[in-house]
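Reading the structure
One letter stands for each residue in the lines below.
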Amino acid sequence: MSAPEQGLPHAPLRARLLDLVLGRERKRRIRVQRTLIAFALYAALSVIQMYRISRGLADPWLGSVLIGVALAASSIFYVATRTGWSERFADPALTLPQMLFGMPAAALAYVSGGPGRGALLTLVAVILMFGAFNLTRRQFALVSSLGLVCLGTAMYTMSRLHPHVFSPKEEIVHFLFTLTMLPAIAVLGGQFTDLRDRLRHQKVELSEALARIQELATHDELTGLYNRRQMQVMLEAEWRRCQRTAHGFSVGLVDLDHFKRLNDEYGHAAGDEALRLFAQEARCTLRDSDVVARWGGEEFLVLLPSVKAEDARCALERLRAALARHARWQAHPHLKLSFSAGVAEYLPGEDIHHTIERADRALYAAKQAGRDRIACAPGGAPAADHQRTA
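Parameters at a glance
Residues numbered from 1 in each chain as written. Predicted model: local features only at pLDDT ≥ 70, side-chain atom pairs only at ≥ 80, totals over all residues. Heavy atoms only, no water. Helix = DSSP H or I, 4+ residues; strand = E, 2+ residues; numbered from the N terminus. Rg over C-alpha atoms; globule rule 2.2 N^0.38 Å. Buried < 20%, exposed > 50% of the residue type's maximum accessible area, 1.4 Å probe, protein only. Lys, Arg positive; Asp, Glu negative; His and termini not counted. Charge placed at Lys NZ, Arg CZ, Asp CG, Glu CD. Phe/Tyr/Trp six-rings, centres within 6.5 Å; stacked < 30°, edge-to-face > 60°. Lys NZ or Arg CZ within 6 Å of the ring centre and 35° of its normal. 1 Å grid on protein atoms, 1.4 Å probe; cavity = no way out; pocket = protein on both sides within 12 Å on 5 of 7 lines; lining within 4 Å. Points joined across faces, edges and corners; volume = space filled by probe spheres on them. Nonpolar A, V, L, I, M, F, W, Y, C, P; charged D, E, K, R; others polar. Salt bridge = Lys/Arg side-chain N within 4 Å of Asp/Glu carboxyl O. Disulfide = S-S within 2.5 Å.

Describing the overall build of the chain
In terms of regular secondary structure, the chain is built from 13 helices and six strands. Relative to the globule expectation of 21 Å for 390 residues, the C-alpha radius of gyration of the chain, 37 Å, shows a markedly less compact shape. Looking at the chain as a whole, 42% of its 390 residues are labelled buried. A gap of 10 Å separates the mean positions of the 47 positive and 38 negative side-chain charges of the chain.

The structure is reproduced here in structure tokens:
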């Protein structure tokens, strides 16, 4: 057996273990990973602390309490993020609570540190680094102030109680180092927060711009319906579906009656209103599965999936009647809006362009017969004209 084949059975096991530890949901996994990093940091410090205790460099009782509290708290944070319990809060990562715990813990570690405790001040910097992911400027200031108060109190108290171990001169140096480090990190963290917020805002703007571009690329700006290019894509998809499932479809080519006269007599604003009125009524009357697109000028193409020609004609008749009843012009309420249409049912083996040509010829027949009517192309249903009754 080759080496790659030997490794194959282990890959699913590793994946299952990662899912068990981190979870499967992407955002939750990221939060759990950060929590585990903090847990690993506390675990590493606990090992160091146990070594210091074994060598007599740290207070055994205080060091043991610190180890127990740190591991217990980090375990609670892990369980809260891993189970999703923390997702009820604004910050599911619990960044601020973890940091508010970390600062007193760092001060306690400093108190129990004994000789070499100055190295533990770097722990405060590491804690502040976690805030770069989620904290605001105000929260950064709160955490850094808490760290400064906790460490300053610990240094002052221990220098007064045990000056032979916590030399006042040395504690002053440590405090000045802390006083310089924490505000600097807080300022840099605030700047990182501002950068993160700007990037998030730019991402939202970019997403909105892309959505707008997609809208303009696939929809007609005036009516809000699909444009000709997008309809051609959907016609191709419907044609392919028809080849797979043998379910046919029909198309209807619609032309608003006397549109040129309307533009000439009442202006292009009236023509635009007529196009919008038709689009609005088509969305309300036709099925959700039916697709309407502005095909060009005052022409619209309707795609009716899984529909025979006669049923497609009935659907357009409902639309024609609804348009006559409901279309209300704002500027010219006395005007009426009607359309002529040609319907063609797709024939097996036929090119989709030929189906549209047959619908176009049926539309021409409807116009020749007096407009305001619907004609079916031969092939899918008997050719017939249907005029609205008074």
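There is more to say after this.
Notes on the packing of aromatic side chains
For the structure on display, the rule yields seven aromatic pairs. Of the aromatic side chains, those joined through ring pairs into one cluster are Tyr42, Phe77 and Phe101. Here arginine 228 stacks its cationic end above the ring of tryptophan 295, 4.1 Å away from the centre of that ring.

Observations regarding the layout of surface pockets
In this approach a probe as big as a water molecule rolls over the atoms, and the regions it shows empty are the leftover space. Of the voids in this model, the largest pocket is the one considered here, and its volume is about 540 Å³. Along its surface, the largest pocket is lined by 16 residues, and Arg34, Phe133, Asn134, Arg196 and Arg200 are the ones closest to its centre. Of all elements in the fold, only α3 (26–54) and α8 (168–218) reach the threshold of two or more residues within the lining of the largest pocket. Split into classes, the residues belonging to the lining of the largest pocket amount to seven nonpolar, one polar and eight charged.

A short note on the pattern of salt bridges
Going through the model one piece at a time under the given rule, you end up with 18 salt bridges. Note that glutamate 87 and arginine 31 form a salt bridge whose closest N and O atoms lie 3.0 Å from each other. Of this pair, glutamate 87 sits in the loop between α4 (60–82) and α5 (95–111) while arginine 31 sits in helix α3; the two residues are 56 residues apart in sequence, bridging distant segments of the chain. Among the ionic pairs, aspartate 220 bridges to arginine 294, the shortest N-O distance being 3.3 Å. Here the residue aspartate 220 occupies a position in the loop between α8 and α9 (228–245), and arginine 294 occupies one in strand β2 (residues 291–296), the gap between them amounting to 74 residues.

Section: the state of the cysteines
Applying the stated rule across the entire model yields zero disulfides. No disulfide involves cysteine 242; its nearest neighbouring cysteine sulfur is the one of cysteine 376, lying 18 Å away. Classification of cysteine 242 as buried rests on a relative accessible area of 9%. Take cysteine 314: it sits in no disulfide, and the sulfur closest to it among the cysteines is that of cysteine 376, at 8.3 Å.

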